[in-house]
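The primary structure of each chain is shown beneath.
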Amino acid sequence: MSILSSGKVHSHTDFDESKIEFREFDLQNGLHCILSKDARNPIVNVIVGYQVGSKDEKVNKKGISHLFEHMMFQGSANIGKTEHFTYVNKAGGNCNAFTMNDATVYYDLMPSSELEMALWLESDRMNGINITEENLSNQKKVVIEEKMQSYDNAPYGTMYYNIMRNVFKDSKYESSVIGEVDDINSFTVNEAKKFHNEYYSPSNSVLIIAGDIDYDDATEKIHKYFSDITKNGNPEREANIVCPMKSNVELTLNDNVQLPLLNICWQIPKAGSFESYCFEYFLDMLANNRSSRLYQRLVYEKKLLKSIGGIKHDLQDAGVLMFRAMINPGVSPDEIRDEILKEIKNFAQNGCSEKEFQMIRNQIEFDNYSKYLTLQTLSLETVINYLYFRNVKRIYDEVDRYLSVQMKDIVNAVADYINDKNKLTLTYLPKNFDGKF
């Protein structure tokens, strides 16, 4: 994915997030619009976020949100099949989309002179798309092939699926975004049309324009292209009830892999929670850089691992924290699991030093200032803040939220949600593994 750039280099001291301005308004059809002027470079990012993801899918219809993302590029009233890409690329920009558990997002990163084109393209496919049997059948094949290549038959490809179905059992997060083949194949043209009318309506979406814009001009163009979209979707939503894990789960799979891979996963509080910020420190201290505790001991000193990392997957209604270790040949996954759990217990009992805490704190502060230096990152952060929290101005206080975390808070979060708590231990072994380490 390429990003338009002026080639300038900035440091985090060049940027003050409190100077970011947002102007918000609603159209009569319910479309929420957010404008943010950033004249540092002659580019603009147009984003449309829809409040629909895999958690909104019904039983036996798993994967249709992602399938529908593909359908949105198959043409609309005035744009031919895949011509959305052609228009944007010829104008010197790039576009793409992604489907998550909680939302689906489309973006067009363009020269600012092409703002009107981006608005025309997005409004046209919000208003209606070419949902035909041929288009739907073709995209089903594309998505199923993607599932086979990138998930089912890829090394460790079923990992995310197995994590979600065990950590979030019986919740709306239980199924993966890619979905199930039978469910995808069962999606009919009439169901697709209903899906577009309900979820791809102005009242279920947000339009964000960030970049080198004139506020009055951008507002006028929004009214021109979006005000006449009259459909008013009102999707029925079931509550996403996420229950804590009731017991430890251990799952070992033999797969087409060269090296064993160990995942240890816990359910944690949702995106935006105070604990989520605490766990950012915890993962960095234990695994997420070459000076971290587990990396130093297990990769450098003992040479038991090829790599180790900590991942925090923030969702709107919950979260999952995991340690992922790529294990060197001849090393037992049980030994690695015990080493990781021992270090977690040590942290829960003894915490960290002031030096270790301050080093991670400085890095987190730098990273969070730096991420606002690119227009695309800033605008994507804005769409998530709106779709998850209905508050784009959270960005003003984001760094302060991280800096409010104290050493004792991290220890408390680990004690409350990680140390000696129910977890998933997911291990991948080579297919030809003979049982000996």
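On a predicted model such as this, the values are computed, not experimentally measured, just so you know.

Details of the overall build of the chain
And step 1. When its secondary structure is counted, the chain shows 15 helices and eleven strands.
And step 2. Taking 22 Å as the expected radius of gyration for a compact globule of 437 residues, we find that the chain reaches 23 Å, a close match to that expectation.
And step 3. Based on the C-alpha atoms only, the size of the chain along its principal axes is roughly 65 × 50 × 40 Å.
And step 4. Put simply, the chain has 437 residues, and 55% of those count as buried.
And step 5. Partitioning the contacts of the chain with sequence separation of at least 6, the portion at a separation of at least 24 is 82%.
And step 6. When the 49 positive and 62 negative side-chain charges of the chain are each reduced to one mean point, those points stand 4 Å apart.

Overview of the nonpolar core
And step 1. Core analysis: the biggest nonpolar cluster contains 50 residues, and F68, L119, Y200, L207, I209, I222 and F226 have the highest contact counts within it.
And step 2. Not counting chain neighbours up to four residues away, the residues in contact with L207 comprise L31, H32, C33, I34, V46, I47, V48, L119, I222 and F226.
And step 3. In terms of nonpolar packing, the next biggest core, distinct from the first, is built from 41 residues, W266, L283, I308 and I340 among them.

A closer look at unusual backbone geometry
And step 1. In this structure, N60 takes a positive phi of about 70° despite not being glycine.
And step 2. With respect to the helices and strands, the residue N60 is situated in the loop between β3 (43-50) and α1 (64-71).
And step 3. In the Ramachandran plot, D420 falls in the positive-phi region, its phi being about 60° despite a non-glycine side chain.

A closer look at the pattern of salt bridges
And step 1. In the structure shown here, the tally under the stated rule is 27 salt bridges.
And step 2. Put simply, D56 and R237 hold a salt bridge, and the shortest N to O gap is 2.8 Å. With D56 in the loop between β3 and α1 and R237 in the loop between α8 (215-226) and β7 (249-255), this pair connects stretches of sequence that are 181 residues apart.
And step 3. A relative accessible area of 13% means that D56 is categorised as buried.
And step 4. Taking the shortest distance from any N to any O, the salt bridge between E356 and R293 comes out at 2.8 Å. Highlighted residues: E356 in helix α12 (residues 354-370) and R293 in helix α10 (residues 293-301), separated in sequence by 63 residues.

Regarding the packing of helix α9 (residues 274-286) against helix α15 (residues 407-417)
And step 1. It is the contact of α9 with α15, at a shortest axis distance of 9 Å, that shows an interaxial angle of 95°. Taken as axis vectors, α9 and α15 run roughly perpendicular relative to one another. Residue-level inspection shows F274, E275, C278, F279, Y281, F282 and M285 of α9 in contact with α15, the latter providing D409, I410, A413, V414 and Y417.

Side note on α8
And step 1. With twelve residues, α8 should reach 16 Å at 1.5 Å per residue; the first-to-last C-alpha distance of 16 Å fits that figure.
And step 2. Within the sequence span of α8, burial applies to Y215, A218, K221, I222, Y225 and F226. The arc enclosing the buried residues of α8, seen along the axis, measures out at 130°, which places them on a common side. The exposed set on the far side of α8, more than 90 degrees from its buried face, consists of D216, E220 and K224.
And step 3. Check the buried side of α8 and you find it contacts β1 (23-26), β2 (32-37), α3 (115-127) and β6 (205-211).
And step 4. Where α8 starts, the residue carrying a side-chain oxygen 3.2 Å from the main-chain nitrogen of D216 turns out to be D214.

A few points about the sheet that holds strand β4 (residues 94-99)
And step 1. Ordered in space as β1-β2-β6-β3-β5-β4, the six strands form an open sheet in which the pairing is mixed. On the outer flanks of this sheet lie β1 and β4, each paired with one strand and no other. Each adjacent strand pair in this sheet contributes to an overall mean axis angle of 15°, direction not counted.
And step 2. Alignment of β1 against β2, held across four bridges, turns out to be antiparallel. Residue F25 lies in a different strand from β2, and its bridge partner there is C33.
And step 3. Along the sheet face, α1 touches β4 and β5 (104-111) and points at about 165° away from the line of β4.

Focus: the side chain of D284
And step 1. The topology assignment puts D284 in helix α9.
And step 2. Among buried Asp, Glu, Lys and Arg side chains, D284 stands out as unpaired, with K312 the closest opposite charge at 9.5 Å.
And step 3. For D284, the contacting residues outside a window of four places in its chain are N289, S292, I360 and I364.

Brief notes about the side chain of T104
And step 1. For T104, the position within the fold is in strand β5.
And step 2. At 2.7 Å, the side chain of T104 forms a polar contact with the backbone oxygen of V52.
And step 3. Aside from chain neighbours lying at most four places away, what touches T104 is V48, G49, Y50, V52, E69, F98, T99 and Y200.

Quick look at the sheet that holds strand β10 (residues 319-327)
And step 1. Across the sheet, five strands lie side by side as β7-β11-β8-β10-β9; this open sheet has mixed pairing. The open sheet is flanked by β7 and β9 (305-314), the only strands paired with a single partner. Neighbour to neighbour, the strand axes of the sheet diverge by 15° on average, direction disregarded.
And step 2. Pairing of β9 with β10 involves nine bridges; the strand directions are antiparallel.

Concerning the packing of aromatic side chains
And step 1. Summed over all chains, the structure comprises 23 aromatic pairs.
And step 2. A ring pair is formed by W266 and F323, whose centres lie 6.2 Å apart and whose planes are at 90°; its orientation type is edge-to-face. Of the two residues, W266 is situated in strand β8 (residues 261-268) and F323 in strand β10; the sequence distance between them amounts to 57 residues. With respect to class, W266 is no different from F323; both count as buried.

Rules behind the numbers
Residues numbered from 1 in each chain as written. Predicted model: local features only at pLDDT ≥ 70, side-chain atom pairs only at ≥ 80, totals over all residues. Heavy atoms only, no water. Helix = DSSP H or I, 4+ residues; strand = E, 2+ residues; numbered from the N terminus. Rg over C-alpha atoms; globule rule 2.2 N^0.38 Å. Buried < 20%, exposed > 50% of the residue type's maximum accessible area, 1.4 Å probe, protein only. Contact = heavy atoms within 4.5 Å. Lys, Arg positive; Asp, Glu negative; His and termini not counted. Charge placed at Lys NZ, Arg CZ, Asp CG, Glu CD. Core = buried A, V, L, I, M, F, W, Y, C linked by side-chain atoms within 4.5 Å. Salt bridge = Lys/Arg side-chain N within 4 Å of Asp/Glu carboxyl O. Axes fitted to C-alpha atoms, helices over the stretch in contact; angles between N-to-C directions. Parallel < 35°, antiparallel > 145°, perpendicular 65-115°, else oblique. Expected span 1.5 Å × (residues − 1). Arc of directions from axis to C-beta. Polar contact = N/O pair within 3.5 Å; in protein donor to acceptor, adjacent residues only side chain to side chain. Pairing = 2+ DSSP bridges. Phe/Tyr/Trp six-rings, centres within 6.5 Å; stacked < 30°, edge-to-face > 60°.

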